[in-house]
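Take a look at the letters that make up each chain.
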Amino acid sequence: MKHRKHRIVVLGAGYAGAYVAGTLARRLSPADTEITVVNAEPDFVQRLRLHQLAAGRDIDAPQLADVFVGTGVALRLARVTAVDPERQVVAVADRADQADELGYDTLLYALGSHGADHGVPGVAEHAFDVSARPSALRLRERLESLSSQRGGAGVLVVGDGLTGIETATEIAESRPGVSVTLVARGELGAPLSAGARSHLRQACVRLGITVLEHTSVEAVEAERVVCADGTALASDATVWTAGFEVSPLAAAGGIDVTEGGRIVVDRTMRSVSHPNVYAAGDSAYVIGDNGLPLPMSCASAGYTGRQAAAAIVGRLTGRTIANVKLGYLGNHISLGERDGILQLVDGEAQAKPTYVGGRKAARVKAGIVRMSLWATSHPTFGLPTRTHRLEAEKVEETVPLLENGGATHG
Ligand SMILES: Cc1cc2nc3c(=O)[nH]c(=O)nc-3n(C[C@H](O)[C@H](O)[C@H](O)COP(=O)(O)OP(=O)(O)OC[C@H]3O[C@@H](n4cnc5c(N)ncnc54)[C@H](O)[C@@H]3O)c2cc1C
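Quick caveat, the model's predicted, so the values are computed rather than measured.

Criteria and cut-off values
Within any chain, residue numbers begin from 1 and follow the written order of that chain's sequence. Per-residue local features are limited, in this predicted model, to residues with pLDDT of at least 70; the limit for side-chain atom pairs, both in listing and counting, is 80 or more; totals at the level of whole chains, interfaces and linings are taken over all residues. Remark: hydrogens and water are excluded; side-chain values derive from all non-hydrogen atoms of the structure. Nearness is judged by heavy atoms alone; a residue qualifies as near a molecule or strand once a single heavy atom is within 4 Å of it. A 3.5 Å cut-off defines polar contacts: any pair of N or O atoms within that distance qualifies, except that in protein one atom must be a possible hydrogen donor and the other a possible acceptor, and neighbouring residues in sequence count only when both atoms are side-chain atoms. Each accessible area is a Shrake-Rupley result for a 1.4 Å probe, and residues are judged covered by the shown protein chains and nothing else. Only runs of H or I of at least four residues qualify as helices and only runs of E of at least two qualify as strands under DSSP, and these elements are numbered from the N terminus. When DSSP finds at least two bridges between two strands, those strands are taken to pair. Axes here mean lines fitted to C-alpha atoms, for a helix over just the part in contact, with angles spanning 0 to 180 degrees between N-to-C directions. Angle categories are assigned with fixed cut-offs, so that under 35 degrees is roughly parallel, over 145 is roughly antiparallel, 65 to 115 is roughly perpendicular, and the rest are oblique. Residues count as neighbours in contact if any of their non-hydrogen atoms are within 4.5 Å of one another. In this classification, Asp, Glu, Lys and Arg are treated as charged, Ala, Val, Leu, Ile, Met, Phe, Trp, Tyr, Cys and Pro as nonpolar, and every other residue, Gly included, as polar. A helix is expected to span 1.5 Å multiplied by its residue count minus one. Each residue is assigned to one of three classes by its accessible area relative to the maximum for its type, calculated with a 1.4 Å probe on protein chains only: buried under 20%, partly exposed between the two thresholds, exposed over 50%.

A. Representation of the site of the ligand within the structure. N39, V80, D282, C298 and K365 are the nearest of the 31 residues found near the ligand. With respect to the ligand, the side chain of R47 contributes an N or O atom lying 3.1 Å from an oxygen atom. Calculation on the ligand without its partners gives an accessible area of 1000 Å², and the protein chains cover 87% of this total. Considering every element that reaches the shell around the ligand, the biggest residue donor is helix α9 (residues 298-317), with 3 residues.

B. Here's a closer look at the sheet that holds strand β1 (residues 6-11). The 5 strands are arranged β3-β2-β1-β7-β18 in an open sheet whose pairing can be described as parallel. Each of the sheet's edge strands pairs with one partner strand only, and the pair in question is β3 (74-77) and β18 (277-279). Across the sheet, the axes of successive neighbouring strands diverge by a mean angle of 20 degrees, strand direction being ignored. In this structure, β1 lies alongside strand β7 (residues 106-109), joined through 4 bridges in parallel fashion. Within β7, the residue paired with V10 across the bridge is L108.

C. Molecular detail of the packing of helix α1 (residues 15-27) against helix α10 (residues 359-377). Two elements in contact, α1 and α10, have axes whose closest approach is 8 Å; the angle formed by their N-to-C orientations is 40 degrees. With respect to α10, the axis of α1 lies oblique. Only S372, A375 and T376 of α10 make contact with α1, whose side of the interface consists of Y15, A18 and Y19. Of the residues assigned to the contact of α1 with α10, the class counts are 4 nonpolar, 2 polar and no charged.

D. Geometry of the environment of R140. Structurally, R140 is set in helix α5 (residues 133-147). In the structure, R140 is positioned 94 residues away from A234 in sequence and 19 Å away in space, judged by C-alpha atoms. A distance of 3.0 Å separates the side chain of R140 from the side chain of D58, its partner in a polar contact.

E. Geometry of helix α6 (residues 162-174). Between its terminal C-alpha atoms α6 stretches 18 Å, which fits the 18 Å expected from 13 residues at 1.5 Å a residue. Looking at α6, one finds that the buried residues are G164, I165, E166, T167, A168, T169, E170, I171 and A172.

F. Highlighting unusual backbone geometry. With a phi angle near 55 degrees, Q88 is a residue other than glycine that sits in the positive phi range. For Q88, the position within the fold is in the loop between β4 (79-84) and β5 (89-93). By relative accessible area, which is 25% here, Q88 ends up partly exposed. Of note in the backbone geometry, H214 takes a positive phi value of approximately 50 degrees without being a glycine. Here H214 shows up in the loop between β11 (210-212) and β12 (217-220).

So far we have only geometry, and geometry alone does not tell us how the molecule works.
Dropping the structure here:
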């Protein structure tokens, strides 16, 4: 009797999902697996560069159909609207809002994250953000119209995390006619080493950025923000960069998640509640090699994607699952096109005393961004293709493996 193929569905074709889909297509035989990637957008969105897109730079966006051509991966351009792990189906809606369901045997959930408003009133209605392409393009349009105005339009960037710093410096550099204010809840760049903090301050001075420290924004209105002490700050465009959150779909489907909705996974990226569900990238909550949760980052998407792919291939084909490094080494922050900061961290995720700054750091960061794009958009490069057949018995053993504590083979 002919066996039905094992259906692998990958949700999200960002840094994690596109990488995992490409790797699985390379490693598993098409004779007994079929791989479908579901993504809302037709092209690969380089989230690492969305602040640059907003500020006016053009960024490459390879078509996903081209990325997966020749790999055997089926691309489904649709929005995921629900996940039902009991029935092993995901609900999707295409651009014409046509609803459909996709069944799976193994699911990789990699839907990334979006900006979090933390319940601050007015953010959704009045603020811009750079966490997704449509919102980055909306900001770009606004900045273009502000640049053409005479006399001192002001942009307020709320949040001095990495995204806020990169966004404020990029806008200040690309839009010299616009005055930029960066609002920091505590001390500017607090997690950085003293040297890197001082480098950051000098960059803000050089770019004419006003920094407001120890300032908490409590409400966003159309033309101003209101701070905790009652002060109102005028703003022609408020850019909200105060954190990220994930889609509620995993929680709604009954998958074990953290309070914030990230899927709780074991060391192999397998859901602790649903053994044929894996998560990678921003959607996954995993403890890294330093004993702390991995941060949402492109590097974490790489590590968790590699580990998820290794675990899926290992379990389905009866091979040993390699332990992929789950490290957090540091941060690479661009300060406009020609300046940057590379800050390494120690085993407790604290900044090491030294840092690299200036053009060298900017070049390294640009190299990392190029490499991330290349790695995700060339899924067939280098490795042998489709060498592994499934071990039917191993597929059927999926549940007992988790009952064994979710431990890796070997
Ligand atoms: C402006 C900015 C700068 C950043 N800079 C850095 C940096 O310098 N270094 C760093 O390490 N990290 C940085 N990050 C964070 C980094 O981009 C994320 O951690 C990374 O993109 C996570 O990868 P991912 O694959 O989990 O998600 P994503 O890359 O976001 O991919 C998720 C994919 O899922 C799709 N999707 C989402 N919801 C649905 C749905 N319901 N249906 C169908 N498809 C859906 C999206 O369209 C997307 O293609 C930055 C983020 C931003 C916004």
